[in-house]
Amino acid sequence: MKFQIEDVTVYFPYDYIYPEQYSYMIELKRALDAKGHCLLEMPTGTGKTIALLSLITSYSLSKPQTPIKLIYCTRTVHEMEKTLAELKLLHNYQIKHLGPQARILAIGLSSRKNLCVNPTVLAAENRDSVDAGCRKLTASWVRAMAAENPNVPTCQFFENYERAASAAVVPPGVYTLQDLRVFGKEKGWCPYFLARHMVQFANVVVYSYQYLLDPKVAGIISKEMQKESVVVFDEAHNIDNVCIEALSVSVRRQTLEGATRNLNRISQEIDRFKATDASRLRAEYNRLVEGLALRGNLPITDNWLSNPALPDDILKEAVPGNIRRAEHFLHVLRRLVQYLRGRLDTENVEKESPVSFVASINSHAGIDQKTLKFCYDRLHSLMLTLEITDTDEFLHIQTICDFATLVGTYGRGFSIIIEPFDERMPHIPDPILQLSCHDASLAIKPVFDRFQSVVITSGTLSPIDLYPRLLNFHPVVSRSFTMSLTRDCICPMVLTRGSYSYMDGIINTWNDSGILKEIMQHKLVFIETQDVVETTLALDNYRRACDCGRGAVFFSVARGKVAEGIDFDRHYGRLVIMFGVPFQYTLSKILLARLEYLRDTFQIKEGDFLTFDALRQAAQCVGRVIRSKADYGMMIFADKRYSRHDKRSKLPSWILSHLRDVNLNLSTDMALHIAKEFLRKMAQPYEKIGGSGRKTLLSEEDLEKMGDGGMDEMLY
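This is a predicted model, so every value here is computed, not measured.

Rules used throughout
- Residues numbered from 1 in each chain as written.
- Predicted model: local features only at pLDDT ≥ 70, side-chain atom pairs only at ≥ 80, totals over all residues.
- Heavy atoms only, no water.
- Helix = DSSP H or I, 4+ residues; strand = E, 2+ residues; numbered from the N terminus.
- Expected span 1.5 Å × (residues − 1).
- Buried < 20%, exposed > 50% of the residue type's maximum accessible area, 1.4 Å probe, protein only.
- Arc of directions from axis to C-beta.
- Contact = heavy atoms within 4.5 Å.
- Salt bridge = Lys/Arg side-chain N within 4 Å of Asp/Glu carboxyl O.
- UniProt positions renumbered as here; feature names shortened; annotations may be inferred.
- Core = buried A, V, L, I, M, F, W, Y, C linked by side-chain atoms within 4.5 Å.
- Domains from an automatic or database assignment.
- Axes fitted to C-alpha atoms, helices over the stretch in contact; angles between N-to-C directions.
- Parallel < 35°, antiparallel > 145°, perpendicular 65-115°, else oblique.
- Nonpolar A, V, L, I, M, F, W, Y, C, P; charged D, E, K, R; others polar.
- Pairing = 2+ DSSP bridges.
- Right-handed = clockwise from strand over helix to strand, strands pointing away.
- Left-handed = near helix turned anticlockwise from the far one by under 90°.

So, on to helix α17 (residues 354–365). Between the first and last C-alpha of α17 there are 16 Å, a value that for twelve residues agrees with the 16 Å anticipated at 1.5 Å per step. Taken together, the buried positions of α17 are Pro354, Phe357, Val358, Ser360, Ile361 and Ala365. What you see down the axis of α17 is that its buried residues fit within an arc of 155°, all on one side. With respect to the buried face of α17, the exposed residues turned more than 90 degrees away are Val355 and Ser363. The inward-facing, buried residues of α17 abut α16 (326–344), β10 (350–352), α18 (369–373), α20 (395–409), β11 (414–421) and β12 (429–437).

A few words on the pattern of salt bridges. Counting across every chain of the model gives 38 salt bridges. Among the ionic contacts, a cluster of salt bridges with common partners joins Glu6, Asp7, Lys29, Asp33 and Lys63.

Along the chain, histidine 237 falls in the loop between β8 (229–233) and α13 (239–246). With relative accessibility at 0%, the residue histidine 237 sits in the buried group. The residues touching histidine 237, leaving out its near neighbours within four places in the chain, are Arg75, Ser458, Thr460, Leu461, Tyr467, Glu564, Arg616 and Gln620.

Looking now at the UniProt feature "domain: Helicase ATP-binding" (unreviewed entry) in the protein. UniProt annotation of "domain: Helicase ATP-binding" (unreviewed entry) refers to residues 7–285 when read in the numbering used here. Overall, residues 7–285 shows 57% helix and 13% strand. The separation of its end C-alpha atoms is 59 Å.

Among the nonpolar cores identified, the biggest contains 170 residues, and Phe3, Tyr207, Phe233, Ile444 and Ile456 are the most heavily contacted of them. Broken down by element, this core gets its largest block of residues, ten residues, from α16. Of the residues that make up this core, three or more belong to each of domain 1 (246–437) and domain 2 (491–681). One finds Met578, Ala619, Val622 and Phe678 within the second-largest nonpolar core, a separate group that totals 38 residues.

It is worth spelling out the packing of helix α14 (residues 253–276) against α20 at this point. Their axes nearest at 7 Å, the elements α14 and α20 cross at an angle of 110°. Between α14 and α20, the interaxial angle falls into the category roughly perpendicular. Contacts between α14 and α20 involve Gln254, Thr255, Leu256, Gly258, Ala259, Arg261, Asn262 and Leu263 from the former and Leu395, His396, Ile397, Thr399 and Ile400 from the latter. Residues belonging to the contact of α14 with α20 are distributed by class as follows: six nonpolar, six polar and one charged.

Where strand β16 (residues 524–527) and strand β17 (residues 552–555) come together, four bridges link them in parallel fashion. Bridging from a neighbouring strand, isoleucine 527 pairs with phenylalanine 555 of β17. With helix α25 (residues 532–547) bridging β16 and its parallel neighbour β17, the resulting β-α-β unit is right-handed.

The description of two helices packed together rests on the angle between their axes and the distance between the axes. Helix α19 (residues 375–385) packs onto α16 with a crossing angle of 135° between their chain directions and a minimal axis gap of 11 Å. On the basis of the axis angle, α16 is oblique to α19. Between α16 and α19 the crossing geometry is left-handed. Listed contacts from α19 to Ala326, Phe329, Leu330 and Leu333 of α16 are Cys375, Arg378, Leu379 and Leu382. When its residues are assigned to classes, the contact of α16 with α19 shows seven nonpolar, no polar and one charged.

Here we come to the sheet that holds strand β9 (residues 249–252). Strands sit in the order β9-β12-β11-β10 across an open sheet of four strands; the sheet is antiparallel. Across the chains shown, the open sheet's two edge strands, defined by having one partner strand only, are β9 and β10. The average undirected angle you get between the axes of adjacent strands in this sheet is 15°. The sheet contact formed by β10 and β11 spans three bridges and is antiparallel. Across the sheet, glutamate 352 pairs through a bridge with isoleucine 416, a residue of β11. Against the sheet, α16 engages β9, β10, β11 and β12, with an angle of about 115° to β12. Sheet strands in contact with α17 are β10, β11 and β12, and its direction is about 100° off that of β10.

Laid out in C-alpha cells, this is it:
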C-alpha cells in the first residue's frame, strides 16, 4: 500500500498497517522535519522495523535534491540480517511502483569473521585470530614481499579486489551478509574490504552499535559518514550500558603477564630492525617529531583499531619527546606495567579518580598525563613500523595502552576501582583494576553532535523520560505507543505468594523436593548455561520438543543471552514466569560508583535508576513471549514487589494496559484459574482486522478516509 503523510508518499509493502505503525511514522517524520533526535517506544511484535525503514526511505525518495543516508544500528548479526531481509521486501515494492528511480544500495557490514571467504583465514577459532590471519596475508609489507617472492602467501580475493581498483563496486540492491559473500565469491573479490569501501556510497548501512559508539572502531569505519544521515539505534533499551562498556577497561594479573611477554617480543623486533633496517626506525622518529597526525593515509589493510579516546579529546599535537624513540617508549610501558602490578597487589578495595591516579603514576613511575594520552597511537605506530601482523598475540599490551590513553584523557565521568577479589567469592584471590566509565553521554555525544537525526527506539524504554538524562540530550519527539488489539492476547499478573530465588537455587530445591521430577512427567526441561554451545543445543532441542507436541520448559536468567535476543513466538512460548525483580548486584563497587556519579551529575536518585534498570530487564524477559498480534501469552511476575505502584509503573504502557488491579495480588491457585480461562479464550478463532469495536488493521482506503482529526474516529 502507499499513502500520504503530509508531503511524503509512504511506500509500505503490506496490504494493511497497524494504527500504532501509522502513529509511529507520523512522530518519526516530525523528528526528521525538525532535524532533531527522538525517543520512540513501540510495543514488541508491532512491525517497528518495517515502519522505520518505510518512512525513512520514502522520506529520502520525496527529497531527491537532499537525499539522506540511513545508518541502522542493531545489537546482533541475527537482527542485522532480519532488518536487511525486511528492507529487501520494501525495496522490491518501491521499484515496482517507481521503477529505476527507487533503486538504492543497502549493505550490511560486520567483522571479517562474518564476511571473509578465504578458507585459510576462516579456519581460525575467534574474531581476533581471523583479523590477524587476514593481516598476515594483506598487510602492505607482506604484499610488497610477495611481489618479489611468489612463495610469500597472500589472499587471492584481496589481490583481485585491488586489481579491479575503481571497477570493484557493488551494483544497486539490498545485500545481506550472505549476499555479499556470494557476490564476493562470484567476482573473486574480498567481501569484507568491498563492503568497507561501499559503506560511504550506500544509501542504507546496517551494522553493529559498536561501529558508531566505540571510538576504536568508529574512528576507522564511520569517520566519513555524512552529517545528513539518520541514525537508528534499534532495540536500544540498554544503549547506556553499551556506551559505558565502550569506554571501560579491565586489567588483571594475566593482562600484565601477557603485556610483559608482548614487550619482550617488541624489544626483540626493535633489535632486529636496528640490525637489518635501522632507517625505518629513524623515519618513524622523524615522523613523530613532526606530529603523529601527519603520517598520511594508511593502506586500508594496515588500519588497526583507532584511538580509544574520542577524536575531539585528543589534541592534534606532536608526540611527547620521551616516547618518540621506540626503546624509550618501551621503557615507559615497562614502568607502567610495573606500577599497575604494584597497584594490583592490595588487600583492600580502592577507588580513585583519574586525576589522582595519574598524579600517582607520575610520582611513582615518572609518567606524566600527556605521555599516557599518546600511548595507544604510539603503540599503533610502532607495530606498523615493526611490521607486526599477528595482532591477536598483542591484545594484552593493547589493553594496557587503551587504559593509559583513556586515563590520561578523561578527568571526569570515570573511576579507577581496584578489587582484590570478587565479593561473591571472597576466598579466591583474583585482583582486578578497572577503569570504569560512569557517563554514557561521553560515547554517544559525538553521534548526537554529528548527525542531524538520531532515533532511539525499542519495545522497552519506560520510563522514557530517564533516557534524555542518562544520555544528556534533548529529543524533539518522545513518545510511547500502546498496542491496538482485537482481543486481550496478553495476560500479565503479579503472583505474590510464590517462591523466588536464583535460578540454580530454584532448580536444586525443586530437584530435592521432587517437583522437577513431577514437571518432567509432563514437559521436558532445558536450562541456559554460560556455555554458548550448550545453550544453543538446549534451545534447538526445546524447539523440537515444542514442534512435536511434547512441550517443554526453558530456564534462563535475566540479563542473559536468551532473555535479551531470542524470540519465543507462537507455540514456542505461551508463558513467561519472572522470578523476583532482576536488580543489579548492588554491592558492586562499579555500580555504586556509577550511582554516585548519576546522583551528583544528573540528579538521578539511586533507587530510581536501580528500579528503572531492573524493570526494563524484566520487561525484556516477559516480552519474549509475544512477537506479533496473532500471538498470545501470559506474563507472571512472581514477586509481591511488582504489586507496588513505584515498581509496576516503570513497566511499558503496552504491558501495563493489560495488567488489571484484580491480578495484582494473586495466590498460585488463583493464577492457575486465570491461566486456564485465558488459554481457553485464546484457543477460539478471532477477527484479525477488528469488528465493530477498535480497528487494529488499517487498509489504504481507511487511511484515505482519515482527515486531520479522523485517526481516533477510525480506531475507536
